[in-house]
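Notes for the structure review
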Amino acid sequence: MLTRVFSLLLLLASHAHAASPGGSLSLSDALALSLRQNPELKSYDWDIRAAEARTLQAGLKPNPVINYSAQNLPGSGPYRGGDIMENTLELGQLVELGGKRQARVNEAAAGRSVAEWAYQVRRVEVLKNTTQAFVAVLAAQRQVQLAEETATLAEKVTPMTQKRVEAGKANAVEVMRSKVAVASAKIELEQAKRTLATARINLAVQWGAQTADFDSVKGDLEGIKAVPKFSALVQRIQSNPEIARWSAERDRRYAALAKQRSLAKPDITVSAGPRVLGKGDDISFVVGFSIPLPFKNKNQGGIAEAEAEIAKTDSERKTSEMNVYAQLSAAYQVLLRATTEVELLNKDVLPGAKEAEEAVMQGYEAGRFTQLEILDARRTLIQARNQHLRALTDYHQAQAEIAALTAAPISLQRSDAAK
């Protein structure tokens, strides 16, 4: 289950219903909860809404302007009676030239696409983090089981040692040593329980919870599949949202350049209105226009800045590709190492350690082995089991990392909070 293709996990999580509190939690349940309730994903969803609002605002035309002016107000001399006073009321309208409004709309629309890609990038990251947190809980549960088994085995030795001491076949120090081994096993068990509690909280945090309201997680750590070829994985990283988003970013920067170039063309403001002469007996009409003269400011700086932003796009995309490649290479090496380690442990180490421990225990009862040999055999078995668990955990963590790095984008599903 943990090794399925990540895109299928994305699709499954998109349509799955969040699990009810309590009970056993599956990976698909955890992914669905994260998609629905992760606080950061919700904020990205609102970023898309904000980008849509910017597109709407960019398409609006400038408001008309009303201008009132009064001249030759009553004063002294010939102005005393107000007969030559002039009152003018004009309605003005800015007429945008050079395609400015459409350029703004294009840039805002491209910005919305960039916001969607940012959502995609974070969405894959959240799903990867949730998967890895789920694996950590699954591994911690197994660690608790192993620690309980170890404590049980340690407790079995004490009565056997006591009988040997009473029979005069062993030293009383062996009883003390046996009790120390039991205490150490209980300490390891307590540490495993605390690690599990921490892992449970880390998983619940992925969907914004402060407590783990599930009893356990269910999954198969033992599922190991053949490692794919590295070249095949490399070919798939181009679909990674972290890389694919640069096409949308390039479009946005070209749209920004088009807007800056449109700003170099001056706009014209036209106005018209009535003019009242004297005390209102005579009325005339005035019309006019104004246009800035672009002698010095032709928005050269804005255009140059936009061109520079476009010029660096290829370098930034290449940097993203190299970062993803480096992460993929590192995860792939972990996958190879863990796969080999699990195979060797399953084939030789674990069976041998288990057989040796059982043989020493039987021999101890028959008086052929010492307590130190029991402790040594058991220590070897515990180390092999822990190594096996670490290798399985590393395998599935690396699988989640690789799956995220090679994941293709999927259709957006908005959270309920943003609807």
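Whatever comes next refers back to the structure up there.
A brief structural summary. Just so we're clear, the structure is a prediction, and the values are computed from it rather than from any experiment. (Residues numbered from 1 in each chain as written. Predicted model: local features only at pLDDT ≥ 70, side-chain atom pairs only at ≥ 80, totals over all residues. Heavy atoms only, no water.)

What follows covers a nonpolar patch on the surface. A cluster of nonpolar side chains, Val 95, Leu 97, Val 270, Phe 289, Ile 291, Leu 293 and Phe 295, forms an exposed patch at the surface whose accessible area comes to about 690 Å². Topologically, Val 270 is positioned in strand β5 (residues 268–277). (Patch = residues over 30% accessible without salt bridge, like charges linked within 9 Å, V, L, I, M, F, W, Y side chains within 5 Å. Areas by Shrake-Rupley, 256 points an atom, 1.4 Å probe, with all protein chains shown as cover. Salt bridge = Lys/Arg side-chain N within 4 Å of Asp/Glu carboxyl O. Helix = DSSP H or I, 4+ residues; strand = E, 2+ residues; numbered from the N terminus.)

The next point concerns the packing of aromatic side chains. This model, assessed by the stated rule, comprises three aromatic pairs. When the centroid spacing of 5.0 Å and the interplanar angle of 55° are considered together, the rings of Phe 230 and Tyr 332 count as tilted. With Phe 230 in helix α6 (residues 230–236) and Tyr 332 in helix α9 (residues 313–365), the pair connects residues that are 102 residues apart, well separated along the chain. With relative accessibility at 10%, the residue Tyr 332 sits in the buried group. (Phe/Tyr/Trp six-rings, centres within 6.5 Å; stacked < 30°, edge-to-face > 60°. Buried < 20%, exposed > 50% of the residue type's maximum accessible area, 1.4 Å probe, protein only.)

Positionally, Lys 100 belongs in helix α4 (residues 100–166). Accessibility expressed as a relative area gives 4% for Lys 100, which makes it buried. Setting aside residues up to four positions removed in sequence, Lys 100 forms contacts with Ser 262, Leu 263, Lys 265, Pro 266 and Asp 267. (Contact = heavy atoms within 4.5 Å.)

Next up on the list: the sheet that holds strand β6 (residues 282–290). The strand order across the open sheet built from four strands is β2-β3-β5-β6, with neighbouring strands paired in antiparallel fashion. Two strands close off the open sheet at either side, each with one partner strand: β2 (65–71) and β6. Across the sheet, the mean angle from the axis of one strand to that of its neighbour is 20°, orientation sign disregarded. Pairing of strand β3 (residues 86–95) with β5 involves eight bridges; the strand directions are antiparallel. Looking at β5, one finds that Val 95 is bridged to Ile 268. (Pairing = 2+ DSSP bridges. Axes fitted to C-alpha atoms, helices over the stretch in contact; angles between N-to-C directions.)

On to the nonpolar core, then. Ranked by internal contacts, the top residues of the largest apolar core, which has 38 residues, are Leu 25, Phe 134, Leu 203, Trp 207, Phe 214, Val 217 and Leu 221. Counting only elements with at least two residues in this core, the list comes to α2 (27–37), α3 (39–58), α4, α5 (172–205) and α10 (371–405). Top element by residues in this core is α4. It accounts for 14 residues. Counting 13 residues, the second-largest nonpolar core is a separate cluster that includes Ile 243, Leu 335, Ala 338 and Tyr 395. (Core = buried A, V, L, I, M, F, W, Y, C linked by side-chain atoms within 4.5 Å.)

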